[in-house]
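Residue-level listing of the chains:
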Amino acid sequence: MRSSNPVFSRQGFSRDNGYAGFNAQQQAGGPAAGTDPYATNPYATNPYAQQDTQLGAPGQAPARSGAMTIDDVVSRTAITLGTVFVTAALAWFLLPVDPANLTKSYGIGIGAALVAFVLAMVQSFKRKASPALILAYAAFEGVFLGVISSAVTTYVAAGAVPQAVLGTMSVFAGVLIAYKMRWIRVTRRFYGFVMAAAMGFVLLMAVNMLFAVFGGGDGLGFRSGGLGIMFGIIGIILGACFLALDFKQVEDGITYGAPRQEAWLAAFGLTVTLVWIYTEFLRLIAILQGDD
């Protein structure tokens, strides 16, 4: 299963010959294009092909025990998001952001963000999902979110956190409805466009951060004022596109009969995407209310 997030892409599968196409070319030493890597039938190369009734319904992977289900994805996503919420709440109350502890609180928050990034990268290069790594990532990410949420609430906008949470939930629900209604079609071109846009966005924000660190102020101004609002909206739109990719990959995993362990990767990808959307909403609200 391949994560849809820009830095967490893994070798995955393509459910058909042109609709999703995330892994359409043959991997070195791997199965041919269009091959179901989780099928128990070695001759099942097309999940939409007519299959024997004992193996499964037409267009579905052969039925087998231990396959990933939507309940597995929901439960593991709830666990990872719950871990983020708990550690964020603990950081909020145990690391209050005030002038006396400002450096200490920010230092812990930045340190937690760096640890979370390292853990996420380690998971991205592992062949299999590691629940311990994913939950550790969620815990450290929660500490970071708790610190920055407390800072924004204290110094910029008192109601920013509930607004950002509501905005994140609205985007999630809207993209899910649009995906289920097939208003969003995750094609090979869609995937390529989103990944290219995400790489450009991340590189631009990294350059802006470097200018801010070494030059002071707001760097190139991409995270403040009118440009900050524009890039905040772009970031939220990119997050919505990542959600569509996540939903597509969950659907493919269930169709293929992916191992239940792959549900942790789905939870990992969804968590990273939702954290992305929340932080962009938080930043956007801080800019809008800070200019009032």
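The preceding data block contains the structure.
Quick look at the structure, then. Remember, it's a predicted structure, so these values are computed and weren't measured experimentally. (Residues numbered from 1 in each chain as written. Predicted model: local features only at pLDDT ≥ 70, side-chain atom pairs only at ≥ 80, totals over all residues. Heavy atoms only, no water.)

1. Quick look at the overall build of the protein
Part 1 of the argument: Assigned secondary structure in the protein consists of seven helices and zero strands.
Part 2 of the argument: In the protein, the order of α-helices and β-strands from amino to carboxyl end is α-α-α-α-α-α-α.
Part 3 of the argument: Of all intrachain contacts in the protein linking residues separated by at least 6 positions in sequence, the fraction that spans at least 24 positions is 74%.
Part 4 of the argument: Roughly 14500 Å² of accessible area belongs to the protein as shown, and the carbon and sulfur atoms make up 67% of that amount. (Helix = DSSP H or I, 4+ residues; strand = E, 2+ residues; numbered from the N terminus. Contact = heavy atoms within 4.5 Å. Areas by Shrake-Rupley, 256 points an atom, 1.4 Å probe, with all protein chains shown as cover.)

2. Re the nonpolar core
Part 1 of the argument: Val171, Leu243 and Leu245 are the most contacted members of the largest nonpolar core, which totals 45 residues.
Part 2 of the argument: Examining the composition of this core, we find that 13 residues originate from one element, helix α7 (residues 262–290), more than from any other.
Part 3 of the argument: Setting aside chain neighbours within four positions, we find leucine 243 in contact with Val171, Phe172, Val175, Leu270, Thr273, Leu274 and Ile277.
Part 4 of the argument: In terms of nonpolar packing, the next biggest core, distinct from the first, is built from eleven residues, Ala120, Leu133, Trp264 and Phe268 among them. (Core = buried A, V, L, I, M, F, W, Y, C linked by side-chain atoms within 4.5 Å. Buried < 20%, exposed > 50% of the residue type's maximum accessible area, 1.4 Å probe, protein only.)

3. Remarks on the pattern of salt bridges
Part 1 of the argument: Tallying each qualifying case throughout the model produces four salt bridges.
Part 2 of the argument: For arginine 260, the salt bridge goes to aspartate 72, with nearest N and O atoms at 3.2 Å. Residue arginine 260 is located in the loop between α6 (225–256) and α7, and its partner aspartate 72 is located in helix α1 (residues 70–94); the two are separated by 188 residues in the primary sequence.
Part 3 of the argument: We classify arginine 260 as partly exposed; its relative accessible area is 39%.
Part 4 of the argument: A relative accessible area of 10% places aspartate 72 in the buried class.
Part 5 of the argument: The partner of lysine 248 in a salt bridge is aspartate 252, and the shortest N-O contact between them spans 3.6 Å. Highlighted residues: lysine 248 and aspartate 252, both in helix α6, separated by four residues, approximately one helical turn. (Salt bridge = Lys/Arg side-chain N within 4 Å of Asp/Glu carboxyl O.)

4. Some details on the environment of isoleucine 148
Part 1 of the argument: Looking at the secondary structure, you find isoleucine 148 in helix α3 (residues 131–155).
Part 2 of the argument: Residue isoleucine 148 is classed as partly exposed on the basis of its relative accessible area, which comes to 22%.
Part 3 of the argument: Taking C-alpha positions, isoleucine 148 is 10.0 Å from valine 161, a pair spaced 13 residues apart along the chain.
Part 4 of the argument: If sequence neighbours within four positions are ignored, isoleucine 148 has contacts with Thr279 and Leu282.

5. Digging into the packing of helix α4 (residues 160–180) against α6
Part 1 of the argument: Closest axis-to-axis distance for the α4/α6 pair is 10 Å, and the angle between their directions is 50°. By the criterion of interaxial angle, the relationship of α4 to α6 is oblique. Crossing hand, α4 versus α6: right-handed. Where α4 approaches α6, its residues Val171, Phe172, Val175, Leu176 and Tyr179 are matched on the opposing element by Ile236, Ala240, Leu243, Ala244, Phe247, Lys248 and Glu251.
Part 2 of the argument: Classifying every residue of the contact of α4 with α6 gives ten nonpolar, no polar and two charged. (Axes fitted to C-alpha atoms, helices over the stretch in contact; angles between N-to-C directions. Parallel < 35°, antiparallel > 145°, perpendicular 65-115°, else oblique. Left-handed = near helix turned anticlockwise from the far one by under 90°. Nonpolar A, V, L, I, M, F, W, Y, C, P; charged D, E, K, R; others polar.)

6. Structural notes on a nonpolar patch on the surface
Part 1 of the argument: On the surface, Phe85, Val86, Leu90, Phe93 and Leu94 cluster together into a nonpolar patch covering about 610 Å² of accessible area.
Part 2 of the argument: You can see leucine 94 is positioned in helix α1. (Patch = residues over 30% accessible without salt bridge, like charges linked within 9 Å, V, L, I, M, F, W, Y side chains within 5 Å.)

7. Observations concerning the packing of aromatic side chains
What characterises a pair of aromatic rings is the spacing of the ring centres plus the angle enclosed by the ring planes.
Part 1 of the argument: In the structure shown here, the tally under the stated rule is six aromatic pairs.
Part 2 of the argument: Plain terms: the ring middles of phenylalanine 172 and phenylalanine 247 are 5.5 Å apart, the flat faces sit at 80° to each other, and that makes the pair edge-to-face. With phenylalanine 172 in helix α4 and phenylalanine 247 in helix α6, this residue pair connects regions lying 75 residues apart in the sequence.
Part 3 of the argument: By relative accessible area, which is 28% here, phenylalanine 172 ends up partly exposed.
Part 4 of the argument: On the basis of relative accessibility, which here comes to 9%, the residue phenylalanine 247 falls in the buried class.
Part 5 of the argument: Judged by centre distance (5.2 Å) and plane angle (90°), the rings of phenylalanine 242 and tryptophan 276 are edge-to-face. Of this pair, phenylalanine 242 sits in helix α6 while tryptophan 276 sits in helix α7; the two residues are 34 residues apart in sequence, bridging distant segments of the chain. Both residues of the pair, phenylalanine 242 and tryptophan 276, belong to the buried class. (Phe/Tyr/Trp six-rings, centres within 6.5 Å; stacked < 30°, edge-to-face > 60°.)

8. Here's the deal with the environment of isoleucine 237
Part 1 of the argument: Counting through the fold element by element, isoleucine 237 comes out in helix α6.
Part 2 of the argument: Owing to a relative accessible area of 49%, isoleucine 237 belongs among the partly exposed residues under this scheme.
Part 3 of the argument: For the pair formed by isoleucine 237 and isoleucine 277, sequence separation is 40 residues and the distance between their alpha carbons is 8.5 Å.

9. Some details on the side chain of aspartate 72
Part 1 of the argument: At 3.0 Å, the side chain of aspartate 72 forms a polar contact with the backbone nitrogen of threonine 69.
Part 2 of the argument: With residues up to four places along the chain from it excluded, the contact list for aspartate 72 reads Ala67, Arg260 and Ala263. (Polar contact = N/O pair within 3.5 Å; in protein donor to acceptor, adjacent residues only side chain to side chain.)

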